[in-house]
Amino acid sequence: AVVAQVLKQDADEVEERLEKLERVFAFVKLVSEAEFPNRTLTLKYRFVHVLYQNALYASLRVTRKATLSREVAQTLEGFCGEQRTNVANALAALYEVGREYARAADYYRLAAEHATQVFAWQEAVVLARRGLGLLSSEPDTTARTRQELALQVTLSVPLGACRGLASEESRELFTRARELAQQLGDPPELWTIMVGQWRSYLVGGDNNMALKLAEEFLPLVRAKVPAAMIWAHQMM
C-alpha cells in the first residue's frame, strides 16, 4: 500500500509485480497480510537477502533517495494517524534521509520515550542523542530551542540509568537543559530539570550544591507552581 501510493500506481498492479518478483525471480518474499490503523489493507514483503536491498538502495541518487524517503514517511504518517508513534523509529530514519531534520528529531524523541517506557536505556540514549545531533544543523530559533529542551529532558532518564545521576554527563545535561529553559522564559520543564539537577548533586554527595538548588527552587514554585511545593519541601 505504501509503495503504491508513493509511486502513484494502482495497488493491484504493485501487488502483481511483487508476486512475480517472488514467484519467478525469488527476489522478495511475502511476510504477512496486515492492516494499517486507518483500515488500509496491505501486504508486507521483504527482500530474500539483505544484499539485494543494500545494492538497490546504494544505486539510488542522493536526491532520489531523499525524495522517496520523505514521501514514504508522509505516507506512513497518513496510514498510521494517531498511532504513528508506533513507527517513530522508521519515521525518524526516513525524515533524516529526507533531510527534514527537525521532523526527524521529533520522531527520534518519541522513539527514545518509547524505549524508556520499556526500560531499553541504551537504545533510548542512542535515539535521543541522534535527535540532538540533527538539531545542531538547524537554525537557532525558538522552535529549535524547544525541541532541544524536550530531547534533553527525554535523555535525562535513560542517561541517568546508564551512566548514573551523579555522572559528569548527567550534570552537563541538566546544566544545558536549564540554560535552554531560561532562554524560553522558565517553561514547565524547568521544574523537572531542577529536580533532576538536585538529585544529581544529592546522589553525588554534594550537599552544599543540592541545598543551594533547593533554596532556589522553593520561591520559584511557591510563586508559579503551588502544586510542586511538596517537591520543594522534600528537597529542602
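Everything below is about the structure printed above this text.
How each quantity is defined
- Residues numbered from 1 in each chain as written.
- Predicted model: local features only at pLDDT ≥ 70, side-chain atom pairs only at ≥ 80, totals over all residues.
- Heavy atoms only, no water.
- Salt bridge = Lys/Arg side-chain N within 4 Å of Asp/Glu carboxyl O.
- Helix = DSSP H or I, 4+ residues; strand = E, 2+ residues; numbered from the N terminus.
- Contact = heavy atoms within 4.5 Å.
- Phe/Tyr/Trp six-rings, centres within 6.5 Å; stacked < 30°, edge-to-face > 60°.
- Lys NZ or Arg CZ within 6 Å of the ring centre and 35° of its normal.

(A) Representation of the pattern of salt bridges within the structure. Summed over all chains, the structure comprises 13 salt bridges. Notably, a salt bridge pairs Glu100 with Arg103, separated by 3.5 Å at the nearest N-O pair. Taking the shortest distance from any N to any O, the salt bridge between Glu148 and Arg176 comes out at 2.9 Å. You can see Glu148 sitting in helix α8 (residues 142–163) and its partner Arg176 sitting in helix α9 (residues 168–183), a full 28 residues away along the chain.

(B) Region of the structure containing the side chain of Gln197. With respect to the helices and strands, the residue Gln197 is situated in helix α10 (residues 189–203). When near neighbours in sequence (up to four residues on either side) are disregarded, Gln197 contacts Phe174, Thr175, Arg178 and Leu213.

(C) View of the environment of Lys65. Mapped onto the secondary structure, Lys65 falls in helix α4 (residues 62–80). Linking Lys65 and Leu180, residues 115 residues apart in sequence, is a C-alpha distance of 34 Å. The contacts of Lys65, once residues within four sequence positions are left out, are Tyr57, Leu60 and Val97.

(D) Looking closely at the packing of aromatic side chains. For the structure shown, the criterion picks out six aromatic pairs. Measuring from centroid to centroid gives 6.0 Å for Tyr95 and Tyr107, while their planes differ by 10°, and the two rings are stacked. Placement of Tyr95 in helix α5 (residues 88–97) and of Tyr107 in helix α6 (residues 101–117) is noted, with a sequence separation of 12 residues between them. Taken together, the aromatic side chains of Phe27, Phe47 and Tyr52 make up a single cluster linked through ring pairs. Above the plane of the ring of Tyr57 lies Lys65, whose end atom (NZ or CZ) is 4.3 Å from the centre.

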